[in-house]
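Letter by letter, the chains look like this.
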Amino acid sequence: MLDWLLNGTVQVGDGYLSVREVVGNLFGLGSALLGMRRLVWAWPVGLIGNVLLFTVFVSGELSNAVSEPLWGQAGRQVMFAVASLYGWWRWARLRRDGGASDGGAITPRWASGPERLALLAMAAVGYVLAYALLQQIGSWGPRTEAWILAGSLLATYGMARGWVEFWLVWVAVDVVGVTTLVNAGYYPTAGMYLFYGGFCVIGFVTWWRAERRTTTSGPTGPVEITAEQGVSA
């Protein structure tokens with residue numbers, strides 16, 4: 001079973017997917033589903049997927065398409081793991097304090113104006129740093145992979161903070177990710193990313209509705225949001 005997980009492949013058309021990639025993405029999907037419901041288990045489930053997908057992208061052997069590692073894709077799994085540990089700690093702490101009124105670990109809210117400006121600044125700085133790093137270590141497509149790396153980190157951080165916008169950042173990351181993977185010849189993987197992009201739209205609508213229910217439910221909603229905004233990073 002372990003050998004099958006580490007070395008097995010699944011034929012898809014003219015290419016193939018490694019078993020690690022399929023299983024890793026299934027854990028990623030499970031994490032997204034749990035995150036949509038705002039359950040703390042979203043974070044540890046996602047961490048398992050991060051480990052598996054890191055080994056996939058760092059090998060550079062997917063689908064026999066290219067021989068160079070996709071360091072941006074691999075690096076974002078490391079960033080995911082770091083951000084996920086933060087998100088796990090934060091959501092668990094909020095859940096212990098009572099969580100959201102609808103049973104979720106966190107109450108969704110829109111980021112404030114200053115927070116959005118900070119996100120834009122972090123996106124710009126993160127992209128520049130990621131691009132410089134990827135050029136130094138060598139990567140198949142540093143321009144697109146830099147955005148995938150920076151955007152993924154911002155989206156994961158936004159989820160940890162409970163900002164509705166984080167789903168939109170994921171959509172932007174998936175659009176670039178699909179393009180990059182198609183150009184690299186990773187067609188099956190690109191198909192999965194396309195599916196995730198559609199799922200992120202559903203997640204955005206779900207959190208948006210939860211945020212609207214909170215703000216229109218009377219005095220309880222605004223009090224919860226104010227408390228959430230007051231939690232320090």
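Basis of the calculations
- Residues numbered from 1 in each chain as written.
- Predicted model: local features only at pLDDT ≥ 70, side-chain atom pairs only at ≥ 80, totals over all residues.
- Heavy atoms only, no water.
- Helix = DSSP H or I, 4+ residues; strand = E, 2+ residues; numbered from the N terminus.
- Expected span 1.5 Å × (residues − 1).
- Buried < 20%, exposed > 50% of the residue type's maximum accessible area, 1.4 Å probe, protein only.
- Core = buried A, V, L, I, M, F, W, Y, C linked by side-chain atoms within 4.5 Å.
- Contact = heavy atoms within 4.5 Å.

Caption draft 1: Local environment of helix α2 (residues 19-36). When the terminal C-alpha atoms of α2 are compared, their 26 Å separation across 18 residues agrees well with the 26 Å that a helix rising 1.5 Å per residue should span. For α2, every residue scored as buried is listed here: Val19, Arg20, Glu21, Val23, Gly24, Asn25, Leu29, Ser31, Gly35 and Met36. With its phi angle positive at about 60 degrees, Arg38 sits one or two positions after the end of α2.

Caption draft 2: Spotlight on the nonpolar core. Membership of the largest hydrophobic core comes to 26 residues, with the highest contact counts inside it found for Trp91, Met159, Phe166, Trp167, Trp170 and Trp207. Among the elements of the structure, α2, α3 (42-59), α4 (71-96), α6 (142-161), α7 (166-184) and α8 (187-215) are those that each provide at least two residues to this core. Setting aside residues up to four positions removed in sequence, Trp207 forms contacts with Gly35, Met36, Arg38, Trp91, Ile106, Pro108, Met159, Gly162, Trp163, Val164, Phe166 and Trp167. Among the nonpolar cores identified, the runner-up in size contains seven residues, and Leu53, Ala74, Ala190 and Tyr193 belong to it.

Caption draft 3: Geometry of the side chain of Asn50. Position of Asn50 among the secondary structure elements: in helix α3. Judged by relative accessible area, which is 8%, Asn50 ranks as buried. Not counting residues up to four positions away in its chain, the partners in contact with Asn50 are Gln77, Phe80, Ala81 and Ser84.

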